[in-house]
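Per-entry structural report
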Amino acid sequence: MTSSAPQKRLYIKTYGCQMNVYDSERMADVLRPLGYGVTDTPEGADLVVLNTCHIREKATEKVYSELGRIKRMKARRADAGGEMVVAVAGCVAQAEGAEIMARQPAVDLVVGPQAYHQLPELIARAHRKSGERLSADFAADEKFDALPAARATEGFTAFLTVQEGCDKFCTFCVVPYTRGAEYSRPATAIEDEARRLADQGVREVTLLGQNVNAYDGGDGQGLAGLVRRLAKVPGLDRIRYTTSHPADMDEALIAAHGEIEALMPYLHLPVQAGSDKVLKAMNRAHTADSYLRLIERIRAARPDIALSGDFIVGFPGERDADFEATLNLVREVGYASAFSFKYSRRPGTPAAAMTGQVADAVKEERLARLQALLEEQQSAFNQAQAGRVLPVLFERAGRKAGQVVGRSPYLQPVHMEGPADLIGQIAPVRIVSATRGSLAAEPAPQGSAPQRVAEAV
Ligand code: 5AD
Ligand code: SF4
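Keep in mind that this is a model prediction, so the values were computed, not measured.

Okay, helix α9 (residues 222–231) next. Counting buried residues along α9, seven of its 10 residues qualify, which places the element largely inside the surrounding structure. Of all the residues in α9, the buried ones are Gly 222, Leu 223, Ala 224, Gly 225, Leu 226, Val 227 and Leu 230. Contacts made by the buried residues of α9 are with α8 (187–199), β10 (204–208), β11 (238–242) and α10 (251–259).

Right, let's talk about the domain arrangement of the protein for a bit. By domain assignment, the protein separates into domain 1 (8–141), domain 2 (156–383) and domain 3 (389–443). The centre of domain 2, based on its C-alpha atoms, is set 26 Å off from the matching centre of domain 3. Residue-level contacts link 18 residues of domain 2 with 21 residues of domain 3. Buried surface at the junction of domain 2 and domain 3, both sides included, amounts to about 1,600 Å², of which 56% is carbon and sulfur. Contact with domain 3 buries surface across domain 2, with Phe 156, Arg 238 and Asn 382 losing the most and accounting together for 37% of the total. At the junction of domain 2 with domain 3, the criterion picks out zero salt bridges. On the surface where domain 2 and domain 3 come into contact, there are 11 residue pairs in polar contact (both at pLDDT 80 or more).

Moving on: the site of ligand 2. Taken together, Cys 166, Lys 168, Phe 169, Cys 170, Phe 172, Cys 173, Val 175, Pro 176, His 245 and Arg 284 form the complete shell of residues around ligand 2. Looking at the shell around ligand 2, its residues break down into seven nonpolar, one polar and two charged.

An α-helix turns once every 3.6 residues. As a result, residues three or four positions apart point the same way. For helix α1 (residues 18–31), with 14 residues, the first-to-last C-alpha span of 20 Å sits near the 20 Å given by 1.5 Å per residue. Counting buried residues in α1 gives 11 out of 14 residues, a clear majority hidden from the surface. Inspection of α1 places Met 19, Asn 20, Tyr 22, Asp 23, Ser 24, Arg 26, Met 27, Ala 28, Asp 29, Val 30 and Leu 31 among the buried residues, and these make up the whole buried set.

Let's shift gears to the environment of Leu 47. By the secondary structure assignment, Leu 47 is in strand β3 (residues 47–52). With a relative accessible area of 0%, Leu 47 lands in the buried category. For Leu 47 and Val 85, which are 38 residues apart along the polypeptide, the C-alpha to C-alpha distance reads 4.7 Å. Excluding its chain neighbours within four sequence positions, the residues that come into contact with Leu 47 are Arg 9, Leu 10, Tyr 11, Leu 31, Tyr 36, Val 85, Ala 87 and Ile 123.

About the thresholds
Residues numbered from 1 in each chain as written. Chains lettered and ligands numbered in written order. Predicted model: local features only at pLDDT ≥ 70, side-chain atom pairs only at ≥ 80, totals over all residues. Heavy atoms only, no water. Buried < 20%, exposed > 50% of the residue type's maximum accessible area, 1.4 Å probe, protein only. Helix = DSSP H or I, 4+ residues; strand = E, 2+ residues; numbered from the N terminus. Contact = heavy atoms within 4.5 Å. Domains from an automatic or database assignment. Buried area = accessible area lost by both parts, 1.4 Å probe. Salt bridge = Lys/Arg side-chain N within 4 Å of Asp/Glu carboxyl O. Polar contact = N/O pair within 3.5 Å; in protein donor to acceptor, adjacent residues only side chain to side chain. Near = heavy atom within 4 Å. Nonpolar A, V, L, I, M, F, W, Y, C, P; charged D, E, K, R; others polar. Expected span 1.5 Å × (residues − 1).

Next comes the structure, spelled out in structure tokens:
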């Protein structure tokens, strides 16, 4: 933190995944030395950055409607004799480039996910109204080398990007085009960043990557090696990682779940669908059965692991029987949480050109059925914690006075009446009740040790 108050106001709106959350924080870090301080409203800001998501059509549309609103604010600011620079960052920037400025002239600059270190130069050009105001290269190594070492982190949990891009080319997905080829950051750079975060009081890191379990630090140790290394960083008590591909879930990583105390028992492992015909058309490189066997091996290593997934309904060619296979797979796995979507046709992806596109009403109905089942499972998973003692990392004060809020090892939000000095601590609590979305707790009786779910049943 600088001692003088920031003179310029920066508003960043983040859409989409956690990688964008990380990137937004890093953009603020790049801009801080230039005198920009973060504000939580775009009205009157000197610089507005929309960090965008392109994964589904709806996400992209949202960006353009927000830009319409920003345009009016920019005009008001100009009327008042000020200037507002409008930047579009993230995956829409990467995918649509100069088209964005053509469609919405209020946009001053466009910066792709690998080019955030070039923001100061792009902003200077926007002020001068001269020079190229689009940067969308794919040089992930340059980006990480050029980002400032210091991160402004206030909380006790943080995201840490370790890998970017994807080589999997699932036929529905834009990520390989917007984020480029797989790139892994060197383990030493990641460890340095983790140590600095721990020094700033962070107790839990979530390692991020579009395909994080394909992490390859060049030492043959993969993500498991990186997790082992980070588990030794003093102060880092909890490690998570997301998002993983079933094909990259190697034995070392599975074993790590049984061996490394700091590695939390939660795994987001998208399957997308339960029909082998659909999985093949999606180019997923696994079958329903190979996924189920994989889950068995993971559960053998860590019986209480909470599983989460992503699902797409209404992929081209999906018949009723295929959808039933998805429901059956969900019943067999038993998810603790999940994200599910209607297939969205993305221009330029192979699936967009496939025959057998599914009517929206059918997608809608399938999504409702799938979500009802997933919600039932989530409730059951949460209810099953009642009566157990779990270690909770308390992160902040709750909405109600005298309440603190944290996360269980299984990533469930936990609420408790308790003193504010619990914030930043990992404390054993007894779960007293559960809803679909969260748990309520009371301080654990003296001397009770946290239990794993598998031990308690
Ligand atoms: N339509 C619907 N959902 C999609 N996803 C990715 N691309 C699409 C698409 N075209 C979902 C997948 C992925 C998650 C991040 O978003 O389930 O795992
Ligand atoms: Fe997209 Fe598939 Fe890569 Fe995930 S693994 S980012 S769904 S292409």
